[in-house]
Amino acid sequence: MGHLPRLVKGKSLGFQSLALRIFKKGGNLRAALRPEGESRYKIAMPIRALADIIINQIAAGEVIERPASVVKELVENALDAGAKRIEVATAGGGLNLIRVIDDGGGIPPEELPLAVARHCTSKLTSDIHDIRTLGFRGEALPSIGSVGRLTLRSRTPDADGGAEITVDGGKASAVKPVAANRGTTVEVRDLFFATPARLKFMKSERAEAAAITEVVKRIALAFPAVRFMLSGTDRTSTELPAVSADGDGLLRRLGQIIGKDFAENALPIDAEREGVFLTGYASIPSFTRGNALAQFAYVNGRPVRDKLIAGAIRGAYMDALPRDRHAVTALFISLDPALVDVNVHPAKADVRFRDPGLVRGLIVGAIRQALEGAGVRAATTGAAAMLQAFRVPEGPSRANGANDFTGRPFSGTERPRGGWSMELSPSRPLEDAFPPAANGFAEAQQVVFDIGSVVSADARAGTLEALSDLVGRPLGAARAQVHENYIVAQTEDSLVIVDQHAAHERLVYEALKDAIHSKPLPSQMLLMPEIVDLPEEDAEWLCAHAEFLARLGFGVERFGPGAICVRETPSMLGEVDIAALIRDLADEIADNDTANSLKKRIDHIAATMACHGSIRSGRRLKPEEMNALLRQMEATPGSGTCNHGRPTYIELKLADIERLFGRR
Ligand code: ADP
Ligand code: MG
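Everything quoted here is computed from the prediction, not taken from an experiment.

Participant: Honestly, the pairing of strand β21 (residues 477–482) in this entry has me stumped. Any pointers?
Facilitator: As paired elements, β21 and strand β22 (residues 486–490) share 5 bridges and run antiparallel to each other. Bridged to A477 within β22 is Q490. Two successive antiparallel strands, β21 and β22, enclose a turn made up of 3 residues, where H483 displays a positive phi of approximately 50°.

Here it is as structure tokens:
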């Protein structure tokens with residue numbers, strides 16, 4: 001560190017000594033003020049070039065953020081070398097060891113010192129605008145070598161033997177001959193031993209190991225014809241056998257990575273606009289995840305994390321998905337390399353398109369077209385003007401009765417501006433095209449919210465109460481159920497329409513939260529244990545949380561690689577689509593691992609479970625059931641919105657109805 005400028009501490013200059021110095025410098029104020037080791041802080045050294053090791057460590061700060069970044073760089077190198085088989089092994093979340101073995105073209109012995117030297121690459125020729133390889137900056141290996149212990153062993157196809165070079169904390173060894181298989185082996189030990197500050201930022205071994213898996217999967221999706229193996233002391237092994245390089249192979253690779261059922265729920269995407277090609281798959285709206293981790297995007301084969309693409313996907317599904325659900329997608333964009341800048345950030349995951357609007361339009365258009373082709377209608381917007389007149393429940397002010405009904409929106413969620421909106425409603429006419437995967441009804445065993453048991457005599461439908469009876473009943477009396485999801489009720493001075501699914505979900509959520517926080521939830525044994533196929537990480541993750549899940553009423557155990565066996569489910573959920581619920585829980589747990597307090601996590605999980613356990617739209621309710629739902633809503637704080645912040649009911653004031661009819 002001797003070359004780094006040092007800050008030195010000195011005394012401040014008092015008035016008297018300043019006067020003395022001005023005198024000494026012959027009255028020259030500037031000369032007197034020039035520091036002579038007496039200013040409070042000063043740079044102690046003249047400008048000079050940084051040593052290579054420092055330059056490399058600075059670069060490493062950007063390129064090598066965590067072990068997964070090393071794996072990404074090494075796997076990219078293997079692919080650039082034409083490997084057909086790539087083996088990744090790790091220990092200690094990659095901090096102790098990362099080993100990547102490939103069967104690619106190798107590096108001749110005399111080039112080994114260059115491979116680990118800064119700005120040396122075999123990939124970029126003269127044109128930065130024509131990048132056709134994953135690497136091009138020539139800084140991954142030297143960066144890695146500056147912060148860890150790197151060994152590079154390689155043998156080219158025609159050579160008799162191999163050669164090896166090591167770089168230890170920035171110091172390269174001489175090249176020595178070794179026995180080696182054709183291809184290259186890169187080994188990185190003790191990552192960040194040379195930069196302890198970075199080491200401190202590492203998450204748990206498990207989290208780092210998971211990040212490595214994520215990186216390998218992300219890259220592997222773009223190279224179905226390459227066989228990937230991932231193993232190590234910090235993980236269960238995963239193998240992705242090579243499949244064909246065509247669309248068929250891609251679908252199989254997607255199955256290996258996203259899960260077998262993705263293939264059945266994916267729509268092929270194939271579109272072109274002005275020389276920009278988009279291919280891949282996007283899930284149908286009923287196949288969603290609780291987070292956006294299963295959205296994979298590639299630009300000319302390079303995995304990217306791009307806001308523009310993520311936004312376009314969101315836009316494409318806007319009318320088809322609730323706001324808190326995420327589609328599963330694998331999108332491949334190919335275009336002339338000159339039309340995209342990949343040199344935005346050293347980690348090369350960001351890209352900048354020459355024409356972002358074109359790319360966005362292409363993605364939105366292609367996905368929408370696929371969805372429409374599959375029979376999904378976009379939400380109607382024509383009724384918007386009239387809907388303006390509909391009111392979303394306001395706030396405490398409208399609690400015009402003596403009970404504790406508040407209709408307040410669920411805290412922490414945003415409320416749609418300008419009233420209720422079609423896109424935000426959980427019950428848009430989506431399910432016509434894609435009925436919920438299974439019988440999501442929670443009927444007989446519904447113990448939390450027993451809609452049949454709370455009927456009060458005066459709330460019975462069919463009895464036309466005197467208007468005075470409606471006073472103090474903000475949601476009034478049920479008059480009808482329409483479209484098998486909407487309860488139409490009459491209050492003293494308005495018409496109320498309740499979304500039964502959203503409302504029930506909220507009620508189940510509140511009850512679940514209460515129950516979980518106080519004691520373990522009762523569970524029911526399944527007659528037939530259900531086997532759920534999952535990505536291996538998710539299976540591992542869930543089994544690691546088996547005890548926690550038991551508290552929620554789930555009995556899960558391992559069922560071989562990539563599967564778990566569910567023996568018990570929480571009885572209050574009734575009959576649910578177990579596979580879908582388990583997958584959502586895996587997302588939920590993965591998303592919140594360690595980051596959130598237990599309470600918050602439980603609340604999230606309760607929300608996820610409530611979503612599965614609620615009366616789906618489509619269930620016909622008896623009049624007394626409808627009224628019971630209304631009364632229960634009035635008694636539950638926060639029931640004015642569902643768990644996702646969408647309104648559970650809307651209200652049209654009589655005065656507004658009259659205005660609509662031109663009576664006022
Ligand atoms: P870049 O990939 O940007 O060129 P790197 O530092 O990652 O920079 O690698 C430097 C060079 O080392 C590469 O250009 C390539 O020639 C060689 N190299 C690295 N890894 C491999 C590998 N697995 N097989 C063959 N050559 C490799
Ligand atoms: Mg590289």
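Participant: When you look at unusual backbone geometry in this model, what are you seeing that I'm missing?
Facilitator: Only a minority of non-glycine residues have a phi that is not negative, and only a minority of peptide bonds are not trans. Positive phi values are uncommon outside glycine, yet F192 reaches one of about 70°. Tracing the backbone through its elements, the reader meets F192 in the loop between β9 (183–189) and α7 (196–199). Given the relative accessible area of 1%, F192 is considered buried. For N300, which is not glycine, the phi dihedral falls at a positive 50°. As for its placement among the helices and strands, N300 is situated in the loop between β15 (295–299) and β16 (302–303).

Participant: Help me out: how do you make sense of the pattern of salt bridges in this one?
Facilitator: Any two side chains of opposite charge can pair, on the condition that their charged atoms come close. As enumerated under the stated definition, the model contains 24 salt bridges in all. Ionic pairing is found between K176 and E164, a salt bridge with its closest N-O pair at 3.6 Å. Within this pair, whereas K176 is found in strand β8 (residues 176–178), its partner E164 is found in strand β6 (residues 162–168), the two being separated by 12 residues in sequence. Looking at K176, the relative accessible area reads 45%, which means it is partly exposed.

Participant: I tried to follow the site of ligand 1 on my own but got confused; where do I start?
Facilitator: In the neighbourhood of ligand 1, 20 residues make up the surrounding shell, with D102, T121, S122, K123 and G138 lying closest. Between F136 and ligand 1, the recorded distance is 3.0 Å, taken from a backbone N or O atom to an oxygen atom. A distance of 3.3 Å separates an oxygen atom of ligand 1 from a polar backbone atom of A140. Going through the elements one at a time, α4 (67–80) and α6 (140–147) are the ones with two or more residues in the shell around ligand 1. Tallying contributions element by element places α6 first for the shell around ligand 1, with 3 residues.

The rules behind the values
Residues numbered from 1 in each chain as written. Chains lettered and ligands numbered in written order. Predicted model: local features only at pLDDT ≥ 70, side-chain atom pairs only at ≥ 80, totals over all residues. Heavy atoms only, no water. Pairing = 2+ DSSP bridges. Helix = DSSP H or I, 4+ residues; strand = E, 2+ residues; numbered from the N terminus. Buried < 20%, exposed > 50% of the residue type's maximum accessible area, 1.4 Å probe, protein only. Salt bridge = Lys/Arg side-chain N within 4 Å of Asp/Glu carboxyl O. Near = heavy atom within 4 Å. Polar contact = N/O pair within 3.5 Å; in protein donor to acceptor, adjacent residues only side chain to side chain.

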